[in-house]
Amino acid sequence: MSTNAHQVNDSAAYKHARVALRLGEVRSDWTLDEVEALFAMPFADLVFHAQRVHRDTFDPNEVQVSTLLSIKTGACPEDCAYCPQSIRFDTGVRSEPLMDVEAVLERARAAKACGATRFCMGAAYRNPKPKQLDQIAEMVRGVRALGMETCVTLGMLTLQQACQLKDAGLDYYNHNLDTSERHYRKIVTTRTYQDRLDTLGAVRVAGIKVCCGGILGMGESVLDRAQLLHTLATLPAHPESVPINQLVQVPGTPLYGAERPDPFDFIRTIGVARLLMPRSHVRLSAGRSEMSDETQALCFLAGANSIFYGDKLLTTENPDERHDRNLFERLGIRPEGIEGRRLSADN
Ligand code: SAM
Ligand code: DTB
Ligand code: SF4
């Protein structure tokens, strides 16, 4: 058989797969086999289908812009092998106590002025204590009053704590599954996958939108990536926001020196997430500083439609704002949901 005939046959097979997999439908009954079949698609077929499905719900030239702030940094008792904020690893991160409410609001005002529509606050906790949660609830109230969407990530939550945050006006809670259940055990020993799922359940019951995704580049296999996305896409409701992070390698953490994912595999994972959760925002999250502009453009083409804007994530670097403004302009991308439709600078 000539190469061409082979390709034509392949393409027919994937047309068939497209029908069989009911791409574009919002489903919570995906099988792991189906998810693996999506990962196995030729790159161009996958990106094509992901972009087609993306356009059914979203403006393909709009990207949601969030800004991240570490409101409590370092000295975390947990042992997440990727994290520079664990007290167990010598990473040089300086511990900072929980910030004052007014200092946080000042940063939120600046983020809003730059074009961010969502303000995400992260704290290096296993779980927040009552006094800490009271103070964070005040932050949420204040950011909400600025007209921004609010997101916090504080570790494990009880239902009562989730309800307190909902009452304060919280829009999103970020709590990542990080990887597959079987690989998770090699990455974190201080809490279980089920703990993570329980917190996600409490957040849902409280009526807060869920932001949940994972990290690539932690030594996981394609099957682990498929299992992670399968778990996310078979939750009772899809997370409204799905951050896909590439590991930011920090010296001193156990995962420093891990093999970086092939950029095409990273883009492929974004495409599969888009196909599995057609109405969710998929965030091209941490790790952009180490990606080429071309890789990022392909991530947008494969259905990513959210980023963190601002030159810092929690403790590590993000692309500088000038670079991102330029990237948006070169690609004709507009920030979602702001008047003027342009990002601006911090100064
Ligand atoms: N302590 C809370 C928790 O773990 O849920 C909230 C903060 S924690 C830093 C939030 C998320 O950031 C983690 O679940 C992980 O997915 C991501 N993260 C942490 N360190 C990272 C790194 N070095 N590279 C990529 N993502 C990372
Ligand atoms: C998410 O998925 N990625 C963000 C956010 N949620 C909280 C965190 C990225 C952290 C990268 C490492 C750091 O800056 O410390
Ligand atoms: Fe602590 Fe969160 Fe870092 Fe884990 S990811 S060490 S819980 S701050």
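The structure we're discussing is the one just above.
Residues numbered from 1 in each chain as written. Chains lettered and ligands numbered in written order. Predicted model: local features only at pLDDT ≥ 70, side-chain atom pairs only at ≥ 80, totals over all residues. Heavy atoms only, no water.

Visitor: Requested: an account of the site of ligand 3, with residues and values cited.
Guide: In the neighbourhood of ligand 3, the contacting residues comprise Cys 76, Glu 78, Cys 80, Tyr 82, Cys 83, Ser 86, Ala 124, Tyr 125 and Arg 191. Of the residues contributing to the shell around ligand 3, the split by class is six nonpolar, one polar and two charged. (Near = heavy atom within 4 Å. Nonpolar A, V, L, I, M, F, W, Y, C, P; charged D, E, K, R; others polar.)

Visitor: Give a description of the environment of Arg 330 that names residues and reports values.
Guide: Here Arg 330 lies in helix 12 (residues 321–331). Considered as a pair, Arg 330 and Leu 159 are 171 residues apart in the sequence and their alpha carbons are 45 Å apart. (Helix = DSSP H or I, 4+ residues; strand = E, 2+ residues; numbered from the N terminus.)

Visitor: Provide a residue-level description of the side chain of Asp 293, including the pertinent values.
Guide: Its location among the elements puts Asp 293 in helix 11 (residues 293–301). Residue classification places Asp 293 among the buried residues on the basis of a relative accessible area of 16%. Setting aside residues up to four positions removed in sequence, Asp 293 forms contacts with His 323, Leu 327 and Arg 330. (Buried < 20%, exposed > 50% of the residue type's maximum accessible area, 1.4 Å probe, protein only. Contact = heavy atoms within 4.5 Å.)

Visitor: Report on the packing of helix 2 (residues 32–40) against helix 9 (residues 222–233), specifying residues and quantitative values.
Guide: Taken N-terminus to C-terminus, the directions of helix 2 and helix 9 make an angle of 125 degrees; their axes are 9 Å apart at the nearest point. Classed by the angle they form, the pair helix 2 and helix 9 counts as oblique. By crossing handedness, the relation of helix 2 to helix 9 is classed as right-handed. Between helix 2 and helix 9, the contacting residues are Leu 32, Val 35, Glu 36 and Phe 39 on the first element and Val 222, Leu 223, Arg 225, Ala 226, Gln 227, Leu 229 and His 230 on the second. Here the contact of helix 2 with helix 9 is composed, by residue class, of seven nonpolar, two polar and two charged. (Axes fitted to C-alpha atoms, helices over the stretch in contact; angles between N-to-C directions. Parallel < 35°, antiparallel > 145°, perpendicular 65-115°, else oblique. Left-handed = near helix turned anticlockwise from the far one by under 90°.)

Visitor: Can you lay out helix 4 (residues 101–114) for me, pointing to particular residues and giving the numbers?
Guide: Over its 14 residues, helix 4 runs 20 Å from end to end, which matches the ideal 20 Å to within 8%, given 1.5 Å per residue. Considered for burial, the residues of helix 4 that qualify are Val 104, Leu 105, Ala 108, Ala 111 and Cys 114. Structurally, helix 4 contributes buried residues whose contacts are with strand 1 (62–72), strand 2 (118–123), helix 5 (130–145) and helix 12. Within two residues after helix 4, Gly 115 carries a phi angle of roughly 115 degrees, on the positive side. (Expected span 1.5 Å × (residues − 1).)

Visitor: Describe in detail the site of ligand 1, supporting the description with residues and values.
Guide: Residues in close proximity to ligand 1 total 17 residues, the closest being Tyr 82, Thr 153, Asn 176, Asp 178 and Val 248. Within the side chain of Arg 196, a nitrogen or oxygen atom sits 3.2 Å from an oxygen atom of ligand 1. Contact distances for ligand 1 include 3.0 Å between a nitrogen atom and a backbone N or O atom of Val 248. Protein contacts shield 91% of the accessible area of ligand 1, which totals 550 Å² for the unbound molecule. Taken together, the residues that form the shell around ligand 1 break down as eight nonpolar, six polar and three charged. (Polar contact = N/O pair within 3.5 Å; in protein donor to acceptor, adjacent residues only side chain to side chain. Areas by Shrake-Rupley, 256 points an atom, 1.4 Å probe, with all protein chains shown as cover.)

Visitor: Go over the pattern of salt bridges with me, naming the residues and quoting the values.
Guide: This structure, assessed with the given rule, holds 18 salt bridges. Linking Glu 78 and Arg 191 is a salt bridge whose minimum nitrogen-to-oxygen distance equals 2.9 Å. In this pair, Glu 78 sits in the loop between strand 1 and helix 4 while Arg 191 sits in the loop between helix 7 (181–187) and helix 8 (193–205), placing the two residues 113 residues apart along the sequence. One salt bridge in this structure joins Arg 141 and Glu 138, with 2.9 Å as the shortest N-O distance. Pair noted here: Arg 141 and Glu 138 are both in helix 5, with a separation of three residues, about one helical turn. Residue Arg 141 is classed as partly exposed on the basis of its relative accessible area of 38%. By sharing partners, the salt bridges in this structure join Arg 27, Asp 29 and Glu 34 into a single network. (Salt bridge = Lys/Arg side-chain N within 4 Å of Asp/Glu carboxyl O.)

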